[in-house]
Amino acid sequence: MSQIIIYTIITLVAIGSAAAIILYFVAQKFNVYEDPRIDEVEAVLPAANCGGCGFPGCRNFAETLVKSESWEDLFCPVGGNETMASVATLLGREAIEQAPRVAVIRCNGTPEFRPRFNEYDGAPTCAIAHSLYSGEGGCPHGCLGEGDCVVVCAFDAIHMDPVTDLPVVVDDKCTACGACVDACPRNIIELRKKNKKDRKIYVSCINEEKGAVAKKNCSVACIGCSKCFKVCPYEAITMENNLAFIDSDKCKLCRKCAPECPTDSILELHFPPKKEITEPVEAEVSE
Amino acid sequence: MNLKTFSRGGVHPPEHKLSSGLAIEELPLPEVVVIPVSQHLGAPAKVIVDRGDQVKIGQVIAQSEGFVSTNIHSSVSGKVLKVDKFMDSSGYRKMAVQIQVEGEDWEETIDRTDDLVRNTVLKSEAIRKKILEAGIVGLGGATFPTHVKLMVPKGKIAEYLIINGVECEPYLTADHALMMQRTEEVFAGILVLMKGLGVEKAIVGIENNKPDAILKMKQVAKGSKVQVQGLKVKYPQGGEKQLVQALLKREVPSGGLPIDVGVVVFNVGTALAAYDAVNKNRPLIDRVVTVTGKSLEKPSNFLVRIGTPVSYLVEKAGGLPGDTAKVINGGPMMGKALSTLDVPVVKGSSGILLISEAEARRKEVLPCIRCTKCVTVCPMGLEPYLMMSLSEKARYERMESEKVLDCIECGSCSYTCPSSRPLLDYIRLGKAEVGKIMRARKAV
């Protein structure tokens, strides 16, 4: 009885050792060297795999960070400057800083401002509605309200407001990964510079049609009158195709443009109420 | 009798041909027409008139730009009010010419008599030129410029001309009415197209729910090289690939056209338009539109000028019934709902269908139960359930290898789905995306 046990042990040990020796040499022969820093960098990244950096996942981004010479155009919008700084220290390089950004919905076509004259009952996605027709409100540029941006957001930062029928971005949750920007068939969503206390001023319209036509569909449409353009002291506003655009990198939040707008299409958000006597507001730049 | 039909897939929706057998009624002119410059597949035509210009009926107002494009003519006489963007059937604003109707002033070259001109002395090239000048496009709905189809590509031989008198869409009766009332002209048009194409043989395919049309066409075609063939009723027999298969048992290869198997297909409406263009010098300025619907007071086959507002047609057919929930441009299977009636009739408008609330109600979309009904009915042999889920997940490369571009968008899958899934909507989206990917690849 004990003999059987001893033979078994000896045989198994012999097979095991032989296999171990073979495997050792095979491993030597077919060894693929992978930079250990890639693992380290990946560990620092947010692991959201959202694609905001333009790569399929965090692993690919880590590889590119380790390998590429220049870090231009390489940025993790989710982790932000903090993450990029720790990656930089890990690799002993200099980080490129970028101002934090946030997604902004550039349409204010609520049922009140943009009356709906038909009802869409097709497949509930904006992409299909957009390919079929101009939409419930008739504005061929405005929000379709089917929520493709909500579905695509991996950070739960967008939800539909049932009253306005428009998407709402929660600034604290938004990581500016840009998934919603790509998902929106009407290109309404823009990534704009994040300001202190989430303050923002923007033209909440992307309608490029002539003023009269735009106004017919939606009372808060930009009619391209150029009043805001004339009043802006910082050259932050540009006019193109009957549409005003405020460059968030140039805007100093002086609030001069919004009162000029005849259709209230420039929105000011999260500002304190205006004082009676307007003093020159100090330039606010994000930290 | 063992009638022919196509072999793969197909459905049998209820026919509801309410306006069948009704005479074509010529509508009085509206006050204002809006004529879009892009009524065909391919490049939009270039406007050559200005605001304030006086135009005649049949005058070219927009010229063909490029090979796959065609001319646009004024359908009325009067003053050009505006050259601007106007709402088209999708609700998007496209370039169009708005004309105020003043009197009836025809272009002198147009032969307006009723005399039948049976023989064409012109050669093939001259016929093509005349058809391009007259702005003829495929009137079955796809609106592909006819002169392009008449040009047989090098290395290919056209053997048969097939005339599509199938009209497989429920409700629509425009082609049926044409075959009944303009039989001689349609037949002469077939001869013109045969000459233009340089073929010896032609077949007219008609579904046997129109026995009177089959009989009438057979009588006129007696003794000629045009054969008239009755077909078993099955949707989508009017799809050109299905029709070729039904009549000749030839399968158009994936990604190919009927010309790859030696066939060119035209609609009966196109044949009539070709007759008018070549033998009568009359450009394409009007067409027969079926206005129909169960609650409509007077379903009709109207002969209307291009650019007439849809609202005018509905009014002439007895006005918009109170229970109307949807107005569809085209037939119930392939047509699209309109968001406003303030859009013009274009070359591709075959019908206006009014649907009541009860009929329009959508059933709840339920999960796919893997019954494979959609696979069974797909006339192109695709797998619609798979296409839909690939499209939802944005896996467009896989869709391409599943041959999504072979989809003819007939809607049989959506029609038959017991879970009421919007299969075609997603497939169409995928098709558009795959098309974009392929064009981007070509550009590189």
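Cut-off values and rules
- Residues numbered from 1 in each chain as written.
- Chains lettered and ligands numbered in written order.
- Predicted model: local features only at pLDDT ≥ 70, side-chain atom pairs only at ≥ 80, totals over all residues.
- Helix = DSSP H or I, 4+ residues; strand = E, 2+ residues; numbered from the N terminus.
- Rg over C-alpha atoms; globule rule 2.2 N^0.38 Å.
- Buried ≥ 20, exposed ≤ 12 C-beta atoms within 10 Å, placed from the backbone.
- Contact = placed C-beta atoms within 7 Å.
- Pairing = 2+ DSSP bridges.
- Nonpolar A, V, L, I, M, F, W, Y, C, P; charged D, E, K, R; others polar.
- Core = buried A, V, L, I, M, F, W, Y, C linked by C-beta atoms within 7 Å.

### Thoughts on the overall build of chain B
Then step 1. Helix and strand counts for chain B stand at 14 helices and 17 strands.
Then step 2. By the compact-globule yardstick of 22 Å for 444 residues, chain B fits well, its C-alpha radius of gyration being 21 Å.
Then step 3. For chain B, the spread of C-alpha atoms along the principal axes amounts to about 65 × 50 × 50 Å.
Then step 4. The proportion of buried residues among the 444 residues of chain B is 52%.
Then step 5. Expressed as a percentage of contacts within chain B between residues at least 6 apart in sequence, the contacts between residues at least 24 apart total 73%.

### What to know about the sheet that holds strand S3 (residues 46–47) of chain B
Residue and element names in this part refer to chain B.
Then step 1. Within the open sheet, the 3 strands sit side by side as S3-S5-S6. Their pairing is antiparallel. Each edge of the open sheet is held by one strand with a lone partner, namely S3 and strand S6 (72–73).
Then step 2. Of the pairings in the sheet, the one linking strand S5 (residues 60–63) to S6 comprises 2 bridges and is antiparallel in character. Directly across from Val60, in S6, lies its bridge partner His73.

### So, the sheet that holds strand S4 (residues 54–55) of chain B
Residue and element names in this part refer to chain B.
Then step 1. Read from one edge of the open sheet, 4 strands run S2-S8-S7-S4, paired in antiparallel fashion. Of all the strands in the sheet, just strand S2 (32–36) and S4 have a single pairing partner and so form its edges.
Then step 2. Pairing of S2 with strand S8 (residues 93–101) involves 5 bridges; the strand directions are antiparallel. Residue pairing across strands places Ile35 opposite Val97, the latter belonging to S8.

### A look at the interface of chain A and chain B
Then step 1. Taken together, the 12 residues of chain A in the interface contact 13 residues of chain B.
Then step 2. Split by residue class, the side of chain A that touches chain B holds 6 nonpolar, 5 polar and 1 charged.

### Here's the deal with the nonpolar core
Nonpolar side chains in soluble globular proteins tend to end up buried together.
Residues and elements named next belong to chain B.
Then step 1. Core analysis: the largest hydrophobic core is formed by 196 residues, its most contacted members being Leu161, Ile162, Ile190, Ala271, Ala274 and Leu313.
Then step 2. Counting residues per element, this core draws most heavily on helix H4 (residues 183–197), at 9 residues.
Then step 3. Each residue touching Ala271, except ones within four places of it in the same chain, is listed here: Ile163, Val186, Gly189, Ile190, Leu193 and Phe266.

### Description of helix H6 (residues 240–248) of chain B
Residue and element names in this part refer to chain B.
Then step 1. In terms of burial, H6 is a largely internal element, 8 of the 9 residues being buried.
Then step 2. Those residues of H6 that sit buried are Glu240, Lys241, Gln242, Leu243, Val244, Gln245, Ala246 and Leu247.
Then step 3. Structurally, H6 contributes buried residues whose contacts are with strand S9 (160–164), strand S10 (201–207), strand S11 (226–231) and strand S12 (263–267).

### Focus: the pairing of strand S13 (residues 286–292) of chain B
Residues and elements named next belong to chain B.
Then step 1. When you tally the buried positions in S13, you get 7 out of 7 residues, the bulk of the element.
Then step 2. Covered by surrounding structure in S13 are Asp286, Val288, Thr290 and Thr292 together with Arg287, Val289 and Val291, the residues of both alternating faces.
Then step 3. Here S13 pairs with strand S14 (residues 300–305) via 6 bridges, running antiparallel. What sits directly across from Val291, in S14, is Ser300.
Then step 4. Note: S13 against strand S17 (residues 351–356), 3 bridges, orientation parallel. Residue Val291 lies in a different strand from S17, and its bridge partner there is Ile352.

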